[in-house]
Amino acid sequence: MDTIPYQQLPFSGQFSIFEVEHFHSELTTQPHRHHDFQIVWLTRASGEHIVDFVSYGLEDNMIFLLGPGQVHQLLDASIFGFSVTFTEEFYFSNRHDRESLYDFTTLFDSSQAYAPIRVSHPAAANFSQLIALMRNELSVQLEGSNSSVIKHYLNAFLLLVERERKHNVANSPALQHHDARIVKLRQLVEKHFRQEHKADFYAQHFALTSKRLNEITREVLGKTVTDMVHDRLVLEAKRQLAFSHRSVKEICYELGFEDPAYFSRFFRNHTASSPHEFREAMFK
């Protein structure tokens, strides 16, 4: 059983907006995760936000995009702003939605160069208006009448976030641009990395040879498909070692390794420490 806790947010249903300064729980400062997609727009902030073992200093007008299962925690933080939380089922409730609405899943791709998005002042004004519109629509008590309207406001909000992200990327050469094939590949890796460790499995989804797919990933990411899978395996192993009470053997099998000794060598090759050493260092 996964013991990394899931934080219960102050809403019921598949969509919510709340002011972050009014919500605190005992898990906020502890490593935790969420079941849903979460956009955290911090209008005023200081402190530290740790997302999957990477620490980010908090600043005013900053957006964090957190996908289901992503582990994070706030340390010594003073925060004001909004959290927009929604499920994929809410946003894409039918085939027409998938054909007409912006595919937000590319925004929440955390596998490469994850970074918070810094929001410009003009964009902040637009975000404020959309937040107000969505909150007003939520207050309408005609059941079922407001979800379509909210989805279109959310669609606009996500498109503006994407535009701000692109501005951030343009101003930071270290960040790479999205490639549609790479986005799809990352989604496949996220879905199958526990069971499928070989490049051939992923290449068949593109009707390509593993050699050709590796050429594409090297060109865009500077790494092979196997490197991508290994990176995801290492991240999940770190999460389980740091935030759960599972044994190394249990983590090994859950991640698709048959031999705990091989898993330990694999982990050491990628982190320069054994699983036991990593866990001990996290609890010092």
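Presented here is an overview of the structure given in this document. These numbers come from a predicted model, not from an experiment.

## Comments concerning the pairing of strand 1 (residues 15-19)
Right, on to step 1. Taking burial as the measure, the five residues of strand 1 include four buried ones, the bulk of the element.
Right, on to step 2. Looking at chain direction, strand 1 and strand 5 (residues 72-86) are connected through five bridges and run antiparallel. Pairing of Ile17 across the sheet is with Val84, part of strand 5.

## Structural notes on the environment of Val234
Right, on to step 1. Looking at where Val234 falls in the secondary structure, it is placed in helix 8 (residues 225-243).
Right, on to step 2. When the C-alpha positions of Val234 and His270 are compared, they lie 7.3 Å apart, and in sequence the two are 36 residues distant.
Right, on to step 3. When sequence neighbours within four positions are dropped, the list of residues in contact with Val234 reads Phe266, Phe267, His270 and Thr271.

## Here we look at the pattern of salt bridges
Right, on to step 1. Under the defined criterion, the tally for this structure stands at 15 salt bridges.
Right, on to step 2. The salt bridge partner of Glu236 is Arg232, with a shortest N-O separation of 3.1 Å. Here Glu236 and its partner Arg232 are both found in helix 8, four residues apart, which amounts to about one turn of the helix. Arg232 matches Glu236 in its accessibility class, with the two residues each being buried.
Right, on to step 3. Overlapping salt bridges, with partners in common, bring together Asp52, Glu190, Arg194, Arg232, Glu236, Arg239, Arg246 and Glu254 in one network.

## A closer look at helix 7 (residues 210-221)
Right, on to step 1. The first and last C-alpha atoms of helix 7 sit 16 Å apart over twelve residues, in line with the 16 Å expected at 1.5 Å per residue.
Right, on to step 2. Of all the residues in helix 7, the buried ones are Leu213, Asn214, Ile216, Thr217, Val220 and Leu221. Seen from one end, helix 7 has its buried residues packed into an arc of 160°, which puts them on one side. Along helix 7, exposed side chains directed more than 90 degrees from the buried face belong to Lys211 and Glu219.
Right, on to step 3. Tucked into the core, helix 7 has its buried residues touching helix 5 (180-192), helix 6 (199-203) and helix 8.
Right, on to step 4. Residue Gly222 follows helix 7 closely and has a positive phi angle near 75°.

What counts, and where the lines are drawn
- Residues numbered from 1 in each chain as written.
- Predicted model: local features only at pLDDT ≥ 70, side-chain atom pairs only at ≥ 80, totals over all residues.
- Heavy atoms only, no water.
- Buried < 20%, exposed > 50% of the residue type's maximum accessible area, 1.4 Å probe, protein only.
- Helix = DSSP H or I, 4+ residues; strand = E, 2+ residues; numbered from the N terminus.
- Pairing = 2+ DSSP bridges.
- Contact = heavy atoms within 4.5 Å.
- Salt bridge = Lys/Arg side-chain N within 4 Å of Asp/Glu carboxyl O.
- Expected span 1.5 Å × (residues − 1).
- Arc of directions from axis to C-beta.

Note that all results are geometric; they support no functional claim without further evidence.
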